[in-house]
Amino acid sequence: QQQVKQSPQSLIVQKGGISIINCAYENTAFDYFPWYQQFPGKGPALLIAIRPDVSEKKEGRFTISFNKSAKQFSLHIMDSQPGDSATYFCAASAGTGANNLFFGTGTRLTVIP
Amino acid sequence: KAGVTQTPRYLIKTRGQQVTLSCSPISGHRSVSWYQQTPGQGLQFLFEYFSETQRNKGNFPGRFSGRQFSNSRSEMNVSTLELGDSALYLCASSLREFAGELFFGEGSRLTVL
């Protein structure tokens, strides 16, 4: 059973456009929601993370929007660049299991020049 | 500061053999987690170690085991290898337990023939 559902599976965006990736969860005990970026041949790298006490967090071109009542969160990449082409994973964890991340299935983003 | 180092990067084994993978965390990081990444199952948590003690364990059979040394370096072992164990095994370190902020290595790619 997939604890975190992620969509879309793949995404193609024009350079300068906005990339949006969505995730949903069921476990209300989750209290930490990170996004990871993975390039081929590399391990995932933490991009940005949010806790449920805020509805939005922005770091540079990356923004997480969080809707606690809907149990959904999303990643927005503004002004998408070809260098952003990678696989993005959302994840969630809870309390004392914070380092036990439940990952979504990933979104392969391609930014076309 | 050096990142998470995993060795070996690639290895090929045959069914029934066992394998040991090594991970050196970022200096000062005391928590080490292991994840398995496959195309079919995605990223799945194996276990987490902190101060030489296993803190959390994922839903994997007992053939998968690990340990952590006093210098925070960690090893994981898979015994009686099966074809389905072919995967990228990722080690991640964190400054403390329950932090949620994981820094991943580039992984050890295991192929079981």
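That block above? That's the structure.
Residues numbered from 1 in each chain as written. Chains lettered and ligands numbered in written order. Predicted model: local features only at pLDDT ≥ 70, side-chain atom pairs only at ≥ 80, totals over all residues. Heavy atoms only, no water.

**Considerations on the overall build of chain A**
So, step 1. Check the secondary structure of chain A and you find 0 helices and 11 strands.
So, step 2. N-terminal to C-terminal, the α/β element order of chain A is β-β-β-β-β-β-β-β-β-β-β.
So, step 3. In terms of C-alpha radius of gyration, chain A reaches 13 Å, essentially the compact-globule figure of 13 Å for 113 residues.
So, step 4. The buried share among the 113 residues of chain A stands at 45%.
So, step 5. In chain A, 54% of the contacts between residues at least 6 apart in sequence involve partners at least 24 apart.
So, step 6. Looking at chain A as shown, the accessible area adds up to about 5,500 Å², and 50% of this sits on carbon and sulfur atoms.
So, step 7. One finds the centroid of the 10 positive side-chain charges in chain A at a distance of 5 Å from the centroid of its 7 negative side-chain charges. (Helix = DSSP H or I, 4+ residues; strand = E, 2+ residues; numbered from the N terminus. Rg over C-alpha atoms; globule rule 2.2 N^0.38 Å. Buried < 20%, exposed > 50% of the residue type's maximum accessible area, 1.4 Å probe, protein only. Contact = heavy atoms within 4.5 Å. Areas by Shrake-Rupley, 256 points an atom, 1.4 Å probe, with all protein chains shown as cover. Lys, Arg positive; Asp, Glu negative; His and termini not counted. Charge placed at Lys NZ, Arg CZ, Asp CG, Glu CD.)

**With respect to the side chain of E75 of chain B**
Residue and element names in this part refer to chain B.
So, step 1. As for its position among the elements, E75 is in strand 8 (residues 74–78).
So, step 2. Among the residues examined, E75 registers a relative accessible area of 16% and is labelled buried.
So, step 3. Those residues in contact with E75 that sit more than four places away from it in its chain are T20, L21, S22, W34, S65, G66, R67 and F69.

**Let's talk about the sheet that holds strand 3 (residues 19–24) of chain B**
Hydrogen bonding along the main chain pairs the strands of a sheet, whether they run parallel or antiparallel.
Residue and element names in this part refer to chain B.
So, step 1. Spatially, 1-3-8-7 is the arrangement adopted by the 4 strands of the open sheet, whose pairing is antiparallel. Of all strands in the sheet, those with a lone pairing partner are strand 1 (5–7) and strand 7 (64–68), marking the two edges. Across the sheet, the mean angle from the axis of one strand to that of its neighbour is 20°, orientation sign disregarded.
So, step 2. For strand 3 and strand 8, the ladder comprises 5 bridges, and the chain directions are antiparallel. Pairing of C23 across the sheet is with S74, part of strand 8. (Pairing = 2+ DSSP bridges. Axes fitted to C-alpha atoms, helices over the stretch in contact; angles between N-to-C directions.)

**Re the pairing of strand 6 (residues 56–59) of chain A**
Residues and elements named next belong to chain A.
So, step 1. Two strands pair when backbone bridges link them, and strand 6 and strand 7 (residues 62–67) are joined in this way by 4 bridges, in the antiparallel orientation. From the neighbouring strand, K57 faces strand 7, where its bridge partner is I64.
So, step 2. Counted along the chain from strand 6 to the antiparallel partner strand 7, the turn is 2 residues long, and its residue G60 has a positive phi close to 65°.

**Here's the deal with the nonpolar core**
So, step 1. In terms of nonpolar packing, the biggest core is built from 24 residues, with F33, W35, F73, L75 and Y88 of chain A touching the most fellow members.
So, step 2. Every element with two or more residues in this core is listed here: strand 2 (10–14), strand 3 (19–25), strand 4 (33–38), strand 5 (45–50), strand 7, strand 8 (72–77), strand 9 (86–92) and strand 11 (107–112) of chain A.
So, step 3. Ranked by residue count, the leading element in this core is strand 9 of chain A, at 4 residues.
So, step 4. Membership of the second largest hydrophobic core comes to 21 residues, among which are L11, F60, C91 and L110 of chain B. (Core = buried A, V, L, I, M, F, W, Y, C linked by side-chain atoms within 4.5 Å.)

**Examining the layout of surface pockets**
So, step 1. The calculated volume of the largest pocket comes to roughly 740 Å³.
So, step 2. Taken together, 32 residues line the largest pocket, and the ones lying closest to its centre are Q38, T87, F89 and R108 of chain A together with Q37 of chain B.
So, step 3. Put simply, the parts of the chain that give the lining of the largest pocket at least two residues each are strand 9 and strand 11 of chain A together with strand 4 (31–38), strand 9 (87–94) and strand 11 (108–112) of chain B. (1 Å grid on protein atoms, 1.4 Å probe; cavity = no way out; pocket = protein on both sides within 12 Å on 5 of 7 lines; lining within 4 Å. Points joined across faces, edges and corners; volume = space filled by probe spheres on them.)

**Description of the packing of aromatic side chains**
Residue and element names in this part refer to chain B.
So, step 1. In this structure the tally under the stated criterion is 19 aromatic pairs over all chains.
So, step 2. When the centroid spacing of 5.7 Å and the interplanar angle of 70° are considered together, the rings of F47 and Y49 count as edge-to-face.
So, step 3. Looking at F47, the relative accessible area reads 0%, which means it is buried.
So, step 4. Taking the relative accessible area as the measure of exposure, Y49 reaches 5% and is therefore buried. (Phe/Tyr/Trp six-rings, centres within 6.5 Å; stacked < 30°, edge-to-face > 60°.)

**What to know about the sheet that holds strand 8 of chain A**
Residues and elements named next belong to chain A.
So, step 1. In spatial order, the strands read 1-3-8-7-6; together these 5 strands make up an open sheet with antiparallel pairing. In this open sheet, the two edge strands, each paired with only one partner strand, are strand 1 (4–7) and strand 6. Mean inter-strand twist for the sheet, computed between neighbouring axes without regard to direction, equals 15°.
So, step 2. Summarising the sheet, strand 1 and strand 3 pair through 4 bridges and their orientation is antiparallel. When the sheet's bridge partners are listed, K5 is paired in strand 3 with A24.

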